[in-house]
Amino acid sequence: MLAQILFVLALAAGIIPFSLKLRKIMRNINLGLSEPARNDRRSERWMVMTKVALGQSKMVVRPVAGIMHILIYVGFVIINLEVLEIILDGIFGTHRMFAPVLGGLYDLLIGSFEWLAIGVLLACFVFLIRRNVIKLKRFFSKEMSGWPRTDANLILIIEILLMTAFLMMNATDSILQSRGVEHYSVAGYFPVSSVFASYLSSFETSSLILIERTCWWFHILGIFAFLNYIPYSKHFHIFLAFPNTWYSKLEPKGEITNMESVTNEVKLMMDPSAVIPEGQSAAPVRFGAKDVNDLSWKSLMDAYSCTECGRCTSVCPANITGKALSPRKIMMDTRDRLEEYGDFIDKNPGHEKGDGKSLLHDYIKPEEVWACTTCNACVEACPVNIDPVSIIVELRRNLVMEESSAPSELNAMFSNIENNGAPWPFSPADRFNWKDDLNDGK
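Worth saying up front: this structure is predicted, and the values here are computed from it rather than measured. (Residues numbered from 1 in each chain as written. Predicted model: local features only at pLDDT ≥ 70, side-chain atom pairs only at ≥ 80, totals over all residues. Heavy atoms only, no water.)

Right, let's talk about unusual backbone geometry for a bit. Located in the positive-phi region is His183, a residue other than glycine, with phi close to 85°. Within the fold, His183 resides in the loop between α6 (147-178) and α7 (193-200). Overall, His183 belongs to the partly exposed group, its relative accessible area being 38%. Non-glycine residue Ser404 carries a positive phi angle of around 50°. Tracing the sequence through the fold places Ser404 in the loop between α18 (388-401) and α19 (408-420). (Helix = DSSP H or I, 4+ residues; strand = E, 2+ residues; numbered from the N terminus. Buried < 20%, exposed > 50% of the residue type's maximum accessible area, 1.4 Å probe, protein only.)

The next thing to look at is the nonpolar core. If you look at the biggest cluster of nonpolar residues, it comprises 39 residues, and the most contacted ones within it are Tyr304, Leu325, Ile330, Met331, Val369 and Leu395. Of all the secondary-structure elements, those providing two or more residues to this core are α1 (2-29), α8 (205-229), α9 (237-246), α11 (297-305), α14 (327-347), α15 (359-363), α16 (366-371) and α18. Setting aside chain neighbours within four positions, we find Met331 in contact with Ser299, Asp302, Ala303, Cys306, Ile386, Pro388 and Ile391. Of all hydrophobic cores here, the second largest spans 36 residues; its members include Ala10, Val120, Leu162 and Trp216. (Core = buried A, V, L, I, M, F, W, Y, C linked by side-chain atoms within 4.5 Å. Contact = heavy atoms within 4.5 Å.)

Quick look at the pattern of salt bridges now. Taken as a whole, this structure holds 24 salt bridges when the rule is applied. Salt-bridge contacts for Arg96 lead to Asp173; the nearest nitrogen and oxygen are separated by 3.2 Å. Separated by 77 residues along the polypeptide, Arg96 in the loop between α3 (63-92) and α4 (99-102) and Asp173 in helix α6 bring together distant segments of the chain. When its relative accessible area of 6% is taken as the criterion, Arg96 is described as buried. (Salt bridge = Lys/Arg side-chain N within 4 Å of Asp/Glu carboxyl O.)

This is the structure:
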């Protein structure tokens, strides 16, 4: 009974902090601006989510990383069934309570869990080698120094420890079952852990029980701790990948959303008699985005969904040619600023106007924003359909429309459009002068 009470307390200690953090993250996402509902074209959205989030279609574009990630992903999803059994066993004081219910299927499941555990171990070791021995370039960008790099290695090490504890637990469990020890009823098929069992068979029963219980508690408490670590790490995409792909932008990637107030001004310039619908004539509070609360809620969800894999940066033509821009840094900076902004609101209720800092300038510099070619290569490469370009475009709008800050080449183009109705420094009356040379040549 004492063990059950301790387990319930540990379960509560694992779930409650995670729920509170999840609630705060959702609050932070809702600090973003509303935008047209993304629940239209539902069949397309189901298809995108199934293909990208469930099917991992973008991961396998790079086969080595893709296949290894699928092993970890499938192992994470399926082994959760085993975690559910451990939780119920912990609450009710039972042992492998699903075995009598599932019968022969239980042996198949446990066996498949063990093979998946080996797959996860293999994938984690491969990823550690890629990061720390081969040292792939995309894992060593400036924004990945310090904690982000440590976070990635820490996650892999935790997964290795959890899978090792799972296999050791099964190995000792199988021996105790064969000895007919009380509480360890015969159940399960152990094709992988039986290898470990052969080295443990000479141990005393009391020692095996100690090892089994230690691994059992380490495995489940490690999962509870990892659950609370996930929202603070890049692994939060485990929870957001599905909703983030569901709410993906279905319009063409190069299509930029117009500002309603500016569109109305242009309509009035072109036709002074035009009638603007009621409620659309008011000027916006902000042109573009200067801080995170000026971005849409979807852009903020994108920031929390970032896997920090660096695929976006590795295909960015601006980054490849040595420019300051890194799409991954844009997303990481947005998430870090959103966390900081949310903490400020929590500590200073009623001061939603901000802490004197902003995403633009304090986190993301203008030279990063202007380096973007808006080619959307980063959007195409992202395995969870994150859209850094939307954030960059909004930051640009703020620079131009509120700070009147733009590269000299663009300012010249803006002046030409204003004066000549075209990007070129020619009067509209002279626009077709080029054809005179053609006529002279006839």
